[in-house]
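Reading the structure
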Amino acid sequence: MHLDPGRLVTGAVSQDATTGTTYKVLAGCRICGSGPLSMVLSLGETPLANSFVTADRLHEAEPMFPLELMRCTECGLVQLSVVVDPELMFRHYVYMSSASAPLRDHFDNYASEVAQMYAPDGSLVVEVGSNDGLLLSSLRRRGVAAVGIEPSVNLALAANGAGLETWNEFFTVAVAERLRSARGPAQAVLANNVIAHIDDLRGFAAAVTTLLDDRGVLIVEFPHVLSLLDHVEYDTIYHEHLSYLAGRPLRRLFHDFGLEPIAAERIATHGGSLRIVFGRVGTRPVTDSIAELERSEAAARLDSVEPYLLFADRVRRSKEALVEMLRSARMRGQRIAALGATAKGNTLLNYCGIGPDVVEYIADTTSLKQGLYAPGTHIPVLSDSVFERDRPDLTLLLAWNYADWVLRKHESYLAAGGRFINPIPIARLIP
Ligand code: JHZ
């Protein structure tokens, strides 16, 4: 089946029972259009993972949406069964890249690679989903003419205020055309942790090809579905993440738009991600890394149901182990807090039914989250300085992707007898 750019494969519109908020139910795969999709796992109904609640709205019902993971048996894309309105999820956004210190080094190294390899003197580089401009600022420091596209009003405002040119838009063909006529073609389009959030992936691919120079590259970074399966990272499943990506379905998507993968690299961010570089077909050499990636995905049998059945079983066992560890700690009278008011943490807390009676508060470095309450569970989010002073007996590490950093940063807590619980892949005490 061939789909035109911009055409969404959506079926019925459904409604949340308490608040009447509408959402779309997918009728077929967003990459190849095949259907129906087959269910891999259901995590029940949850609120939106970044919809932290203000104190004055705690008594109001929160919209809840089914959180179900589906697999396309044709192209292999793993995706959610529903699509919540992106206006609701992204126009005001509390996740700020700059609040996670280790991400600064990651983006700095990345910016230096992009500047050297793809953006010689002053070339235009466009970052889609530029958040608060952390990567844009690293690119700027290296002399790259970097422009961001960011749908969140508050983050685009902050980035522009810091002198980092950011267009407050969702990335569409119309925006790509305007940007190209204003600034010329881009040598590189960067999309880090954003393609999983895009419903209309074909529209995205069309917008990229509109903007890119003939020899330009698209570089995408996203959590790899193999890491999701191998490390039981079920908490990274939430409504913002519409797709759980791998090399094969992406090759198929971009092929229809004249792009081919030329290099792939595994990177450690967000529990195991992939960085794939795409160029226009035949314009750049294809490195061995592409064949290697395809071999590793084939070896993992991502095209069969088995790894997903195993995954679903490991998810249930992971939940049981965590709930039991927390229950027995509370029975012993131990106090428990959490660290990192992450989006994934909210999937975990809601799916495992962990509330403020078990976890007293969540400490977080993001100013925009502090003073709010976690969606669904209503656990208060406090500043990380509170955690340093308070020293609870146990701390549930909801930002487990930064475990090494967090353990170093909170050495004195550990030295005073505090312990962390890493919930993924299976609950484990540190030390
Ligand atoms: P972090 C985000 O998910 C959101 P989240 C998004 N939807 C996405 O796609 C994924 O990333 C990939 C805090 N923190 O990165 C800062 C501390 O408090 O794991 C952040 O709130 N102390 C775009 O939200 C959170 O933890 C620390 O020392 O699951 C980290 O969020 C550090 C390092 C972080 O992503």
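Residues numbered from 1 in each chain as written. Predicted model: local features only at pLDDT ≥ 70, side-chain atom pairs only at ≥ 80, totals over all residues. Heavy atoms only, no water.

1. Overview of the site of the ligand
Lining the immediate environment of the ligand, one finds 23 residues, of which E240, A343, K344, D364 and K369 sit closest. The separation between a nitrogen atom of the ligand and a polar side-chain atom of H197 is 3.1 Å. One nitrogen or oxygen atom from the main chain of T365 is found 2.9 Å from an oxygen atom belonging to the ligand. In isolation the ligand offers 730 Å² of accessible surface; the protein chains occlude 97% of this area. (Near = heavy atom within 4 Å. Polar contact = N/O pair within 3.5 Å; in protein donor to acceptor, adjacent residues only side chain to side chain. Areas by Shrake-Rupley, 256 points an atom, 1.4 Å probe, with all protein chains shown as cover.)

2. As for empty space enclosed by the protein
Under the defined criterion, the tally for this structure stands at 3 cavities of 30 Å³ or more. Of the volumes computed, that of the largest cavity is approximately 90 Å³. Lining the largest cavity are 13 residues, and of these P223, H224, L228, T236 and Y244 sit closest to its centre. Elements with a minimum of two residues in the lining of the largest cavity: α7 (225-230) and β12 (243-244). (1 Å grid on protein atoms, 1.4 Å probe; cavity = no way out; pocket = protein on both sides within 12 Å on 5 of 7 lines; lining within 4 Å. Points joined across faces, edges and corners; volume = space filled by probe spheres on them. Helix = DSSP H or I, 4+ residues; strand = E, 2+ residues; numbered from the N terminus.)

3. Regarding the pairing of strand β8 (residues 145-149)
In terms of burial, β8 is a largely internal element, 4 of the 5 residues being buried. Relative to strand β9 (residues 166-167), β8 runs parallel, the two sharing 2 bridges. When the sheet's bridge partners are listed, I149 is paired in β9 with W167. (Buried < 20%, exposed > 50% of the residue type's maximum accessible area, 1.4 Å probe, protein only. Pairing = 2+ DSSP bridges.)

4. A closer look at the confidence of the model for the chain
Confidence in the prediction of the chain, expressed as mean pLDDT, is 95, and 97% of residues score 70 or more. Counting interchain partners and residues more than four positions distant, the pLDDT-below-50 stretch residues 1-9 has 28 contacts. (pLDDT = per-residue confidence, 0-100. Contact = heavy atoms within 4.5 Å.)

5. Some remarks on helix α10 (residues 306-331)
In this model, α10 (26 residues) spans 38 Å end to end at C-alpha, consistent with the 38 Å of a helix rising 1.5 Å per residue. Within α10, the full set of buried residues consists of P307, Y308, F311, A312, V315, S318, L322, M325, L326 and A329. (Expected span 1.5 Å × (residues − 1).)

6. Let's talk about the nonpolar core
Nonpolar side chains in soluble globular proteins generally cluster together in the buried interior. Core analysis: the largest hydrophobic core is formed by 85 residues, its most contacted members being L69, Y234, I237, F311 and L348. With 8 residues, α10 is the single largest residue contributor to this core. Non-local contacts of Y234, meaning those with residues more than four positions away in its chain, are made with L43, L228, F311, V315, S318, T347, L348, Y351, C352 and I424. Among the nonpolar cores identified, the runner-up in size contains 51 residues, and C75, V128, A191 and I195 belong to it. (Core = buried A, V, L, I, M, F, W, Y, C linked by side-chain atoms within 4.5 Å.)

7. A short note on the side chain of N422
In this fold, N422 is placed in strand β19 (residues 419-422). In terms of polar contacts, N422 uses its side chain to reach the backbone amide nitrogen of I424, at 3.1 Å. Once residues within four sequence positions are removed from consideration, N422 is found in contact with W400, A427, R428 and I430.

8. A word on the environment of V40
Locating V40 in the fold gives a position in strand β3 (residues 38-46). Its relative accessible area of 13% is what places V40 among the buried residues. Each C-alpha atom of the pair V40 and Y308 lies 6.0 Å from the other, and the pair is 268 residues apart in sequence. Those residues in contact with V40, other than ones at most four positions away along the chain, are L69, M70, R71, Y308, F311 and A312.

9. Quick word on the sheet that holds strand β10 (residues 186-192)
Sheet architecture is open: 7 strands sit in the order β9-β8-β7-β10-β11-β14-β13, paired in mixed fashion. Strand pairing shows two members of the sheet lacking a second neighbour, β9 and β13 (259-267), which therefore form its edges. With 4 bridges joining them, strand β7 (residues 124-128) and β10 adopt parallel strand pairing. Note that in β10 the partner of V128 across the bridge is A191.

10. A word on the pattern of salt bridges
In total, this model carries 20 salt bridges according to the counting rule given. One salt bridge connects D108 with R141, and the closest N-O pair in it is separated by 2.9 Å. Of the two residues, D108 sits in helix α2 (residues 101-117) while R141 sits in helix α3 (residues 134-141), which places them 33 residues apart along the sequence. Residue classification places D108 among the partly exposed residues on the basis of a relative accessible area of 23%. R178 serves as the salt-bridge partner of E169, at 2.9 Å between the closest nitrogen and oxygen. (Salt bridge = Lys/Arg side-chain N within 4 Å of Asp/Glu carboxyl O.)

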